[in-house]
Every structure is written in structure tokens, then in C-alpha cells.
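Geometric and topological summary
This is what each chain is made of:
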Amino acid sequence: MSESAHAGQAIVPQARIGRRGRMSRVWRVLRKAPPTAWFGMIVIAIYLIAAVFAPLLAPYPETELVGGAFEPWGEQFILGTDQLGRDMLSRLIYGARNSVGIAFMTTMLSFILGSALGLMAAISRGWVDQVLSRAVDVLMSIPQLIFALVLLSIVGSSIFNLVVIIAVLDSTRVFRLSRSVAQGVVVMDYVEAARLRGEKLPWIMRREILPNIMAPLVAEFGLRFCFVFLTMSALSFLGLGIQPPTADWGSMVRDNAALITYGDVTPLLPAGAIALLTVAMNFVVDWFLHKTSGLRE
Amino acid sequence: MNNAKPSSTRTKGDLLLEIRNLQIEGESDEVWRPIVKGVDFTLKRGEVLGLIGESGAGKSTIGLAAMGYARGGCRISGGSVVFDGIDLLAASEETRRKLRGSRIAYVAQSAAASFNPAHRLIEQTIEAELREGLRTAADAEKDAIELYGRLRLPNPGEIGFRYPHQVSGGQLQRAMTAMAMTCRPDLIIFDEPTTALDVTTQVEVLAAIRDIVEQFHTAAIYITHDLAVVAQMADRIKVLRYGKQVEEAPTREMLTNPREDYTKSLWSVRKLGKQEQAGGEPILQVKNVTAAYGNTVRVLSNVTVTVPRGRTVAVVGESGSGKSTLARVITGLLPPIEGQIIFNGEALPPALKERSSDTLRRIQMIYQMPDTALNPRQTVYEVIGRPIEFYRGLTGAKKEARIVELLKLIEMDESYVDRLPSELSGGQKQRICIARALAAEPELIICDEVTSALDQIVQEGILQLLMRLQRELNVSYLFITHDIATVRAISDEIVVMFQGRVVQQGPKTQVLSPPHPPYTELLLSSVPEMDPDWLTNLLARRKVTPEAMKAGDR
């Protein structure tokens, strides 16, 4: 007993050193990141801060009518007000929380679903793989936005329905990616060794395969997040996405679109916010892919 | 075959290649580190120089530098490479490109990976000639067919019109040599041309390469890690280590009288041996097993093998003989069509899923490539800890104590627990694989070519470890290998397999001493020996080619 305690002591400090080593390694990698990646990371960080601290940052509440309709930019309302007289800046900030938050949840769900099924298909092969892959082919053969529109008009547009429908439609691409990268890992001897040990499917998926396909999945997460975000905004713009009075960038563009004709750039602000996030995300993903794939220019 | 004179009688011409103070750097993590640290050598026309050393010694890098080439991530940072009066490092890329293929040729280790699968062999063979405009297509084809004949490829007139996947590995390697020969280069670089081949095939390829190099009076650099092979091929041998020269001498002198300690250690590895012990009660019996992939390709037919407790049974045979399939059948990954696996006197369920966790624990496996056998994302702690937790339910401090104990058993210590496989050397990785198998406290370990991916000195350490573990833990080994030296070193009994059947089984001394069945004879006689005249003598003794013999035995 005393011997094992002694051994335990010997290991614990080692483990701590290992962890610190990993932290400093991450920092070393970050320091060498190109300016584009830094730009991307900073922009994403600002968005996250805006989303998390929206109630503190926003000068006015999200849905309250605080002035006249379409007030111009000024002292009181920095970016003016919208068609109902709600403060534009506050809605932009709350919009970050709603649009980004919901898109993030959706992407998360689609990844959990897609990668779990993809790994299962890659490991089981045979009929499981056939059934899942063909089902995914069917889903992918229907244009995503139109399919989502049809489904939403059938079941009605609530946030829950929106998240589930887009997550399921988007998980098809995650399924394909995770299945194909996992197929390369499944044939490795260490997976066979785990199988010979008698490990069950969830353990093999989670511990043997998932860590080895994390890099492409994380990169894909960034890209899919952008697409989900754009799909959501498109749906909002068409009136089937996030419903009023919740602030959402897509519907904000639509609601204030009329101002464009008077030469006011206000409706472009939420559109710009969407574009900026997409660009930032892509910068980070590009760098990450470059880093993990070991590509040289 | 009669013109195969001993290598030392070859006539040498004037100076062809001169390499002075060659320095090459390789990049990792944006830092340039030296790989080759000042190597010199010269080569005369018609001379063969053997470059030998462990992996990472810089052999291949030097071989490529002799063409003025550095592969991606490497750069030649100093020294000079002068080929027939042309300074290759100062010359323009255009000049170098013109020389390559026509005056300097290269034969790679893996012919299968070097041929374009979409084109016929002959098109690829004559490509360089046509590009240089040396000959018309018709002439070039005629010449290629003649070369195929000289390299003793079967049906030289037709074989060129096949695709790469339609010929065997040994034939492909010879076709690649023909490709290198078409322009009658002054210098050929052979980079481990026979390493991926079976021993019986290797003999053919070695003989063909040696003859043709001699006939055309071509100079060659022959890169290999196998001493016995280089002894057959080279006039001079240069031993490399860590990118530096250890020593250089004419072949016979080097073999009889190596000066440096490192060279001596390379020479002595093959002398490892084990006293054979008679078998006791059987722990594993494979009885009349027949197995197939799908329903058509029969890989094992009526195989019977017995492993006595606490002993080592070596299964030898060439690739395709069914050795690894036998392991898959025993472990339950491939249920047999017929026959039984009896373990500790009980018949095992044929499929993996039907076996109990305790049965799985008793039979463990160690793989050929430690790189793919260890999950790159799991630390040593996780790799060894998992079976302890899984089979014995130990956690926390008890698990840690057991891990440390196992690490000591494989001659490593607890400072390794947090390492990832990428932070370990090849030999250390294989030791961790052994520890993972031991963690299950098995009775039988199946070792599938466990040393063939390792350098010779590391191999010796692993084999000694395995033998010590057997003495201490009384574990039994089923040792799958194609290397006869390894078999001599560790086995008690030998099973010889050929095309899915057991040709011979018996105690080591009995199998290794004559008289042999024809296939065992062929296999044993094909193992290169450290005698520069071995190949010459063997070819003179053999009347039929191994290919013909194997076809007859089918």
C-alpha cells in the first residue's frame, strides 16, 4: 500500500509538468500565428464578449421602443433607431447573442449528430454504413435552404424547430467528413488492439478514433458555423427564422432595408456584422488547417 | 550466370563522382538541423560503393545528394558534389535535370509506389530515353525487352505490356532497374532495392542487379541496412551513423577486420542465440484450420500448429504464406471455415465477439509497426493503464503503481508516463507495446514481425527483453517472422509455412539442420550470409530458379 502511494507521488508532479508543457506549447504556436489569424481571433473574441455581456454593454433594452422610427445617428442613439423606434446599437449587440448563440448551438448539435453517426458507419461498415450513407445521400440531394423552408412552414417556426431542422440538414456534411477521415484511422493496429481487448463501440469511438480526427473536425466546425449562420440569417431575412421581437441580424437587415433607398447605411450594419464574423472565422480556420495538415506554401 | 565473378575482380575506371565535405540540413518546426555532417567519398567508373547504417544515419539523403537533389524539407548547405567534372551543386537546375535519368539513375525502395499504376511497364521504362530523344520508340522498346531478358524477367517480350499491379514485387523491382538502365547511365543509386522483398525473391533481384551493373560497367551506390546484402554487392563499404562516416574499407577487409566499435557491434548482432528447450503441455493447439477472406480466397488450408506452455514457436514464411492470417484466426478476428482453436484444453469460440473478457486477456498481441500500434493521442500512462483498468479493475494509486512496475519490467522508468508515442524512439515504442500486452497478464503473446521495423541493434534489445520476460513470467510466444536470424535467436520450435499450408514443424535444431523439405531448403539457403562469395556460390549451386521451384511446388 505504502509502495503504491509512493508511486502515486512520483507520477503526480510529472502529470503537472506535462500539462504546463502543453500550455506553453499552445502559446508558442499562437505567437507564430499570422496577422490574419490574429485578426480573426480578435474579432471572434469581441463577438463573444458582446454576446456574453450584451445586457451590460447595450445602452437600451433589446425590444423596448425608446424613440421615434428611423431616427438618424446622433448623440442619443449612436446608430439611430429602427422602423419601430428601437435602438439600433442595442439590437446589434443583442443580435450577436441571439444569432451567434443559436448558430453555435445548431452547429454543435449537427456535429454531435453527424460525427457520432459518421464514426459508427466507419467502424461498423457493412449494412449500418450502407443505410446511414444512403440516407445522407437522400438528404443531401435536396437543396438545403428550400428543404428547410418547406419543413419550417410545415412544423412552424420556433427556435427549437429551427435549431433541430438546420442541425439535421447540416449534419449530413459532418457525417461525410467524419466517416471518411475515420475510415483511415479504423484500419490502424491500435484500433484492432482495442477491439481485441474487448472494448465496446462507444469507447473505440470516443477514445481511439475521435482524438485522431479532431483536427479536421475542428476546422470543419468553423466553416460549418459560418454556413449555419448564413442559413439562419437567410431564413430570418425570408421571415421564417428567428421571430420578432427577438433581435436578429438577418431580420434586422430585412426590416430596415427601406432605408437604403434614402442613402442610409444603417441596414448594412447587421449585414456587415455577419460578413465580418464569416471572414474572421475563415481566417482562423485557414490558419488552423494549415497548421495541422503540415502544408507548406 | 557464369560471368558472375567475385566482386573484387571488377575493373575500375577513372574518377566519376567526387563528394567532398557534404553537409545537408533538414527542417523541423522551422529550425534547420544538420542531417549529414561532412561526408566525403569518391567513386570510380564501374565501382560499387555500399552505404550502410541504421535508419536516420543519412544514407538515403546522401544517395539523393549524389544526384544534386535534396528532398522536400532538406537543403544541401555545404560541400561539393562533382559528377564527371560537373559541379552538380553549382550547375543550373536544367543541367541537373538533363543528367538525371540519362547519366545518373535512381532505383527506389518501393517499386510498387514508384510506378504509375495507369501506364504499362514498358511505357514507363522507355520514358526517359524518349524524352531525351536518344532513340525512337521502336528501338527503345526493343532495347527494353532485351534488358528485361538480361534481368531474367519471365517472358521478357510480353511482361512490359502489363500494368504494374499485374506483376509481382520482385519483378517490379527488376523492371525498375531496367528503367534505370535504358539510358546506360554512368551511375545508378540503389536505395534499399530489396528491403521490401522476401528472401527468396531478394536473391533473384540481387543477382540480376549485380550482373547488369557488371555487364554495362556501371558505377553504383548501393544503400542498405543489411550487411549481408551489401557484402554481396559492393566493392567498398562505408558505414554511416548520425550523418557522419564511421569507417570505410574494401568489402573483404571490412568484413574480416572492422576497426570501429560501432561497426563491430553491427557485425555481432546476428550472433544472438538461445538454447532450445523441449516442449511441455500445449497451451494452444490450432487444429486443421482452414480460413478464407470472403468465400473465394483461401488463405489457410488445414493448418495444425501447437504451442507448448512457456516456449516460443516461430512461424516462418514469405509474405502471402498465411502467417498473419493465422494470427487473425487465433485472436478471433477472422473466424475459420473449418477447424478448432484449443486454448488451455478448451475449444475457443471462433469469433471475437463470443469470447469472454478473460479469454481475451489471456491472448495478447504485439504488432509489427509500433507507430500504428500505439494511438498517437494517448500517453504511455493511458496505453498501459487501460488494460490494467479494463481487465483487473484497478484505478488510482494501485493502477499507477502497476504501471510503474510494468515500465520497470520493460527497462524503462516512470519518467515516461506522460510521453506521447511521438516523443519515443522506435525501440521504446515497441517496448510500450510489450508493456501493454503484459499489463493484461497474458499466457500467450502473439508477436507479429515485432522486430522487422526496427534497426538491428534495437532488434537485439527487444529480443533479449522478450526472452527475459519468458524466463521470468513463463509466458508463451507465437512468433511470426520472415527473418531466419530472429528465428535462430529466440525460438524453441519452428513452423514453416508456404502458401497457406504448414510445410514443416518441429524443434529448432531439427528444422534448421538437413535434410530439409524442398521449400525449407530454398528458404534457408536464400538468407544472405556475411560472406562476399555467398551469392556467387549459391547461384552456382542452384539449378532451378526459386520462381520455377515454387511454381512446381504449388
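Computed from a predicted structure; not experimentally measured.

Attention shifts here to a nonpolar patch on the surface. Residue and element names in this part refer to chain A. Taken together, the side chains of Ile49, Val52, Phe53, Leu56 and Leu57 present a nonpolar region at the surface, about 510 Å² in accessible area. Sorting the residues of the nonpolar patch by element identifies helix H2 (35-52) and helix H3 (54-57) as the ones contributing at least two each. Note on placement: Leu57 falls in helix H3.

Further remarks concern the nonpolar core. Residues and elements named next belong to chain B. Counting 73 residues, the largest nonpolar core has Ile384 and Ile432 as the members making the most contacts within it. Here the element with the most residues in this core is helix H18 (residues 426-439); it accounts for seven residues. Look past the residues within four positions of Ile384 in its chain and what remains in contact with it is Ile403, Leu406, Leu407, Ile432, Ala435 and Ala439. Ranked by size, the runner-up nonpolar core spans 55 residues in total, among them Ala108, Phe115, Ala178 and Val203.

With that settled, consider the pairing of strand S20 (residues 501-507) of chain B. Pairing of strand S19 (residues 493-498) of chain B with S20(B) involves six bridges; the strand directions are antiparallel. The residue of S20(B) that forms the bridge with Glu493(B) is Pro507(B).

Moving on: the interface of chain A and chain B. Contacts between the two partners involve 25 residues from chain A and, on the opposite side, 34 residues from chain B. When chain A packs against chain B, the two sides together hide about 2,700 Å² of surface, and 55% of this comes from carbon and sulfur. Inspection of the chain A/chain B interface yields three salt bridges. A salt bridge links Arg207(A) to Glu382(B); the shortest N-O distance between them is 3.3 Å. Scanning the region where chain A abuts chain B turns up 11 residue pairs in polar contact (both at pLDDT 80 or more).

Glancing now at the sheet that holds S19(B). Residues and elements named next belong to chain B. In spatial order, the strands read S16-S17-S18-S13-S19-S20; together these six strands make up an open sheet with mixed pairing. At either end of the open sheet lies a strand with only one pairing partner, and these are strand S16 (363-366) and S20. Each neighbouring strand pair of the sheet contributes to a mean axis angle of 15 degrees, computed without reference to strand direction. Taken together, the five bridges between strand S17 (residues 444-448) and strand S18 (residues 476-481) define a ladder with parallel strand orientation.

Calculation notes
- Residues numbered from 1 in each chain as written.
- Chains lettered and ligands numbered in written order.
- Predicted model: local features only at pLDDT ≥ 70, side-chain atom pairs only at ≥ 80, totals over all residues.
- Heavy atoms only, no water.
- Patch = residues over 30% accessible without salt bridge, like charges linked within 9 Å, V, L, I, M, F, W, Y side chains within 5 Å.
- Areas by Shrake-Rupley, 256 points an atom, 1.4 Å probe, with all protein chains shown as cover.
- Salt bridge = Lys/Arg side-chain N within 4 Å of Asp/Glu carboxyl O.
- Helix = DSSP H or I, 4+ residues; strand = E, 2+ residues; numbered from the N terminus.
- Core = buried A, V, L, I, M, F, W, Y, C linked by side-chain atoms within 4.5 Å.
- Buried < 20%, exposed > 50% of the residue type's maximum accessible area, 1.4 Å probe, protein only.
- Contact = heavy atoms within 4.5 Å.
- Pairing = 2+ DSSP bridges.
- Buried area = accessible area lost by both parts, 1.4 Å probe.
- Polar contact = N/O pair within 3.5 Å; in protein donor to acceptor, adjacent residues only side chain to side chain.
- Axes fitted to C-alpha atoms, helices over the stretch in contact; angles between N-to-C directions.

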